[in-house]
Each structure stands twice: as C-alpha cells, then as structure tokens.
Amino acid sequence: MLISSASLIHQPQWRYIDHSSLGPQFDAQHSFAIDDTLCASVGKAVSPAVARTWIHHDTIVLGIQDTKLPFLKDGVEFLNQSGYKVIVRNSGGLAVVLDKNVLNISLIFPDSEKGIDINRGYDAMLALIKYMFKNHGAKIEAREIVGSYCPGSYDLSIDGKKFAGISQRRLRGGIAVQIYLCVSESGEDRADLIRQFYELSLKGASTKFTFPLIKPSTMSSLADLLQTDLTVEKLLLELLLTLKNHSEQIISSSLTPDEQLLFQQNLIRMNDRNDKVFSKI
C-alpha cells in the first residue's frame, strides 16, 4: 500500500536536528554523510522520522553529472576565485548554490516495503513548504522552471520564479528528501554565478549530457517574492511550528554514538569521491 504524502508529514514523533548555525567551518560534505547516516537509522527503525536543518556558507554543490563537464577545472577555478568552496554530492542533479541565506531542510523517512514512491517523497516536502507559508497568501507551484539551475519537475516557484529545488536519496531502508530554500538576497546573482560556471566549463563544446542554459531572471528569493523581511531564523520557527502541528512530540537531538561511527565511515566515502574528482582536473 502506498503511503500518502499527507501521512508522511503527520508523524507520531519528529526527531529534529539543527545544523543551521555551525558557521563557515561546517563543510557540506558532512551534511550528505549525515543524511546517509540518518537514512540507516530510520531504515532500521532505531530512529523516528527526522527533520534536519542545515546551512553551508559560500559553497557550490555539484551533481555527479557536472563532473563530466569538459573544462570542469576552469569552472571550478572561477568559483574558487569568487570565494566559493566546491564539492560533489553523492547523488544526481546539477550545480546549486549554498550560502548563509539558503536554508536546507532534510526529511528522512523509512521506506517500509517500498511504500513511498518517488513522487510521494517530493509531495511530502511540497506539503511541508506550503503549510509553512500558508499565511503569506502566495501560490507556490511545483513545476520545472526552464532557465534555472538544477532544473526539475519539483522546482518550487512563485509567479514563475524559482526559489527552491527538491532532491531525494534512498539507501539502507531510508529516504532523505532534501530541499534548498533561497530565503533572502539575490536569486538572480546566484543564478548568474552558475551561468558563468557552465560557460567556462563547457566553452561551447557538445557533450552527451544536457546542461541547463541558465537565465538568471528565472530565479529569486522568498524575501523578494513575498516582499517581506524574511530571515532564516523566522523560517526555522515556522518549520518547528509546522512539525509541532503535525506530530505528538518533537525530540531535539544530535547524532547518537552509533550514528557518529557510521557518519565517520560515510564521510570517508564522501571525501574519497571528492578527492577522486578533483585530483583529475
């Protein structure tokens, strides 16, 4: 039996882990290793469903496909010179921008007997975001925004301008649904940065992969779209209120000792993946 997206948001308990204020030294490779670790815990039913918030300063996260760019070295050097660290995540998708005004949320569920299909996971995150913004009066749509970076069928937009993207990772009986929310500052500036990265990494060459032709005007931030003084802190409060309204208990948590051990193993895998990519360019 398939599990509805609404029932995914309604949980007896939500375990909440906040990694949004760890500062510039918090490396994005850690986040992907942490979510893999939590997938294992949730998949083995040693943890309830998890909501995790995370922020990384001035980081470009590439997808696996981006590592096939013919002039990747030139693109990475440009990003480094622009003040950004570059990492490769352990999943698909394409390049995205993370900074102090981009809030990431991971929802981690058990994939019991394959009961959650791909779209249900995406729909669960969409339901969460719509609930968080229900009092703002804006219509949030989920559809591909052509011209945005990392385009997909679950781009979230208001008035045709993208402010968020959703991805999924499944392993060890767990599902991590991840979203980045451009809270404030210029969405166009972020998009233009990625536009320049692709121009330098492609140089007009044809490849067997399709990379987006980015139009910065297709992207914005929630603060600009809603014409309000929106901050990461305000969004964190809205998230906690939403989780409270959809559960009997919120458990504030950190990684357990067992999870710390598995995290170290997962982090080694992430480091090895990145070392392999960047040693070749």
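This text gives an overview of the structure that appears in the document. (Residues numbered from 1 in each chain as written. Predicted model: local features only at pLDDT ≥ 70, side-chain atom pairs only at ≥ 80, totals over all residues. Heavy atoms only, no water.)

## Section: the pattern of salt bridges
- Considering all chains together, one arrives at 12 salt bridges under this definition.
- Between arginine 190 and aspartate 99 there is a salt bridge, and its shortest N-O distance comes to 2.8 Å. In this pair, arginine 190 sits in helix H5 (residues 187–202) while aspartate 99 sits in the loop between strand S5 (96–98) and strand S6 (102–110), placing the two residues 91 residues apart along the sequence.
- Note on aspartate 99: relative accessible area 8%, which makes it buried.
- A salt bridge links aspartate 192 to arginine 195; the shortest N-O distance between them is 2.6 Å. (Salt bridge = Lys/Arg side-chain N within 4 Å of Asp/Glu carboxyl O. Helix = DSSP H or I, 4+ residues; strand = E, 2+ residues; numbered from the N terminus. Buried < 20%, exposed > 50% of the residue type's maximum accessible area, 1.4 Å probe, protein only.)

## What about the layout of surface pockets?
- If you add up the space inside the largest pocket, you get close to 490 Å³.
- Arg89, Gly93, Cys150, Ile166 and Ser167 are, among the 30 residues lining the largest pocket, the residues nearest its centre.
- Counting residues per element, the ones that place at least two in the lining of the largest pocket are S5, helix H4 (118–132), strand S9 (161–171) and strand S10 (174–182).
- Considered class by class, the residues forming the lining of the largest pocket number 16 nonpolar, 11 polar and 3 charged. (1 Å grid on protein atoms, 1.4 Å probe; cavity = no way out; pocket = protein on both sides within 12 Å on 5 of 7 lines; lining within 4 Å. Points joined across faces, edges and corners; volume = space filled by probe spheres on them. Nonpolar A, V, L, I, M, F, W, Y, C, P; charged D, E, K, R; others polar.)

## Side note on the sheet that holds S5
- Pairing within the open sheet is mixed, and its 3 strands lie in the order S4-S3-S5. Unpaired on one side and paired on the other, strand S4 (85–88) and S5 mark the two borders of the sheet. Going across the sheet, the axis of each strand differs from the next one's by a mean of 25°, ignoring polarity.
- Two elements, strand S3 (residues 59–62) and S5, share 3 bridges in a ladder whose sense is antiparallel. Bridge pairing in S5 links threonine 59 to leucine 98.
- Here helix H3 (residues 72–81) sits on the sheet in contact with S3 and S4, set at roughly 135° to S4. (Pairing = 2+ DSSP bridges. Axes fitted to C-alpha atoms, helices over the stretch in contact; angles between N-to-C directions. Contact = heavy atoms within 4.5 Å.)

## A word on the sheet that holds strand S1 (residues 11–19)
- Strand order in the open sheet formed by 8 strands is S7-S8-S9-S10-S6-S2-S1-S11, with mixed pairing between adjacent strands. Only two strands of the sheet have a single neighbouring strand rather than two, namely strand S7 (141–142) and strand S11 (247–252).
- Inspection of the sheet shows S1 paired to strand S2 (residues 50–54) by 5 bridges, in the parallel sense. In the strand pairing of S2, aspartate 18 is matched with threonine 53.
- The sheet strands contacting helix H2 (residues 28–43) are S1, S2, S6, S9 and S10, and the helix crosses S2 at an angle near 175°.

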